[in-house]
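Topology and contacts: notes
One letter stands for each residue in the lines below.
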Amino acid sequence: MFIEITDIQKQYLDKDNNPLNVLTDINLKVEKGEFVSILGPSGCGKSTLLSIVAGLTKATSGEIVVNNQKITKPGKDRGMVFQQAALFPWLNVMENVTFPLKKEMSKKQAEDQAKKYLQMVQLSNYLHHYPHELSGGMQQRVAIARALAMNPDTLLMDEPFGALDEQTRSRLHGQLETIWTETKKTILFVTHSISESIKLSDRIIVMGTKPGTILQDIQVDLPRPREQYKKEMLEIEEHIMGYLKKEIDKVVSEELANASNT
Amino acid sequence: MHPTLKRIIFFTSIIAFWEIGSRLELWLPIILPSPTMVLDALVTGFEDKTLIYDLVASFKRLGVGLALSLLIGSALGVLLAKSKTADETIGTVILALQAVPSIVWLPLAIMWFGMNETSVIFVVVLGGTFVMTLNMRSGIKNVHPLYIKAAQTMGSRGWDLFVRVIFPASIPHVVTGARLAWAFCWRALMAGELLSTGPGLGYTLRFASDFGNMALVIGVMIIIGIIGYIVDQLIFQRVEKTVLKRWGLES
């Protein structure tokens, strides 16, 4: 197995120093080249899980092995795309994309590499623009090119299209699918959108809250592109909704309880 | 009406009132010399090159003083941002020192270094250092955590992370710090020169005052004001604006 997540637990201490279970008993295996979505309501710890795989957050216990290497810190073998593009505003598009390449190759090589991936996200004409001159969707595409430019085996995406409008999001879905087919990356894709996860992924990991656990592991076997299988996609959506309904109700009733307490 | 036009009308009427008042002898020239007298004093000053020597001398001190205060201020700022212990000890002292106008250090400086260039530069350095320190500190403390996370996933850490991400991300604060440091240094320099030795704009101001040459006093005041305005408005504000825009902090 390419990614092996074994018995991950994550606890935070709340402000009264009581331990708060964010993730409990997370076990997950992902094959090389698989596109896996992690789906769940807000607060289920899906972003925390991705952050642990990235090496940005330490798990309380358990271990993660990617490509036979135990994860202890962030590394270039795992490119990460965040909900906000997180481009460096003082660098232009080209400089942002070559940022991770500075040490390992010549300037010329780095720029060629960057151009290749910027072309993949159709931004070849914006090499010398600064982030503040680009739209949200374009910034996110630069961020994807930047992660791809390191040529990582794994791409970790934390609600990468969550802040974009519906039209842009749908176009980027198409682009991401193409990129995935061309580059054969293993993708872990965190989202709270059921339809997004069905449209994109081979497998959907459905998570529940309080504590964050894996509820269901759903294989999506529809051929791509999936736009033509509206009916089948809807069936899967209803199937997943069945699992998530309870979880969402749980979140809502808790929020209502909190609201009435304050 | 165009703002420039408004300004021209405003300044013309003030100067006209001032000149007419002087000619009608509403006040004595020793109290307030007329604009033409001020202009004469300035022309003489530039013709015999005393004002040029003053400008060169003042700018030399300012250059050295400001450069040192930016360097020391940045280094201290980084230290305070990175070390909690330093912040809790040195940080408190700096907050207190920042409330002290740097010119009050002059008597001590004269005892330590003598009545010379070094004393004035010392006062100028103290004038700018602390405000630079505090801005550098908050610049580094306020770097968006997302930038750091993103850089870490791209294999950047330690010194590389500082030089390529944390420092550039704090540039908007650095620019503000430098602008305030310049303003404080400029004021400290004039005060230092007034109370210390020449050549220099402040020294010539006191010299002129001692000889009752009020036209030259006003002339030097005007030079000080114009330089302050030019550096602040035409240099620092522009740089600040460009940086804020680039860093996405202002549309």
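Residues numbered from 1 in each chain as written. Chains lettered and ligands numbered in written order. Predicted model: local features only at pLDDT ≥ 70, side-chain atom pairs only at ≥ 80, totals over all residues. Heavy atoms only, no water.

**What to know about the layout of surface pockets**
Residue and element names in this part refer to chain B. Approximately 410 Å³ is the volume found for the largest pocket. For the largest pocket, the full set of lining residues is R7, F11, I14, I15, W18, P35, V38, L39, L42, I222, I226 and Y229. Take the lining of the largest pocket: its biggest share by element is five residues, from helix 1 (residues 3-23). Across the lining of the largest pocket, the residue classes break down as eleven nonpolar, no polar and one charged. (1 Å grid on protein atoms, 1.4 Å probe; cavity = no way out; pocket = protein on both sides within 12 Å on 5 of 7 lines; lining within 4 Å. Points joined across faces, edges and corners; volume = space filled by probe spheres on them. Helix = DSSP H or I, 4+ residues; strand = E, 2+ residues; numbered from the N terminus. Nonpolar A, V, L, I, M, F, W, Y, C, P; charged D, E, K, R; others polar.)

**Here's the deal with the UniProt feature "domain: ABC transmembrane type-1" (unreviewed entry) in chain B**
Under the UniProt annotation, the feature "domain: ABC transmembrane type-1" (unreviewed entry) is placed at residues 55-235 of chain B. Split by type, residues 55-235 of chain B is 85% helix and 0% strand. Its first and last C-alpha atoms lie 18 Å apart. (UniProt positions renumbered as here; feature names shortened; annotations may be inferred.)

**Topic: the packing of aromatic side chains**
Each aromatic ring pair is summarised here by two numbers: the centre-to-centre distance and the angle between the ring planes. Counted under the stated rule, the structure contains 20 aromatic pairs over all chains. On the numbers, 5.2 Å between centres and 20° between planes, the contact of F88 of chain A with W90 of chain A is stacked. What makes F88 of chain A buried here is its relative accessible area of 0%. Relative to F113 of chain B, the ring of W112 of chain B lies with its centre 6.3 Å away and its plane at 90°, an arrangement referred to as edge-to-face. Taking the relative accessible area as the measure of exposure, F113 of chain B reaches 34% and is therefore partly exposed. Here the aromatic residues F88, W90 and F99 of chain A together with Y147 and W247 of chain B are joined through ring pairs into a cluster of three or more. (Phe/Tyr/Trp six-rings, centres within 6.5 Å; stacked < 30°, edge-to-face > 60°. Buried < 20%, exposed > 50% of the residue type's maximum accessible area, 1.4 Å probe, protein only.)

**Thoughts on the UniProt feature "domain: ABC transporter" (unreviewed entry) in chain A**
When the UniProt feature table is mapped onto this chain numbering, "domain: ABC transporter" (unreviewed entry) sits at residues 3-234 of chain A. Secondary structure content for residues 3-234 of chain A is 31% helix and 28% strand, and the end C-alpha separation is 29 Å.

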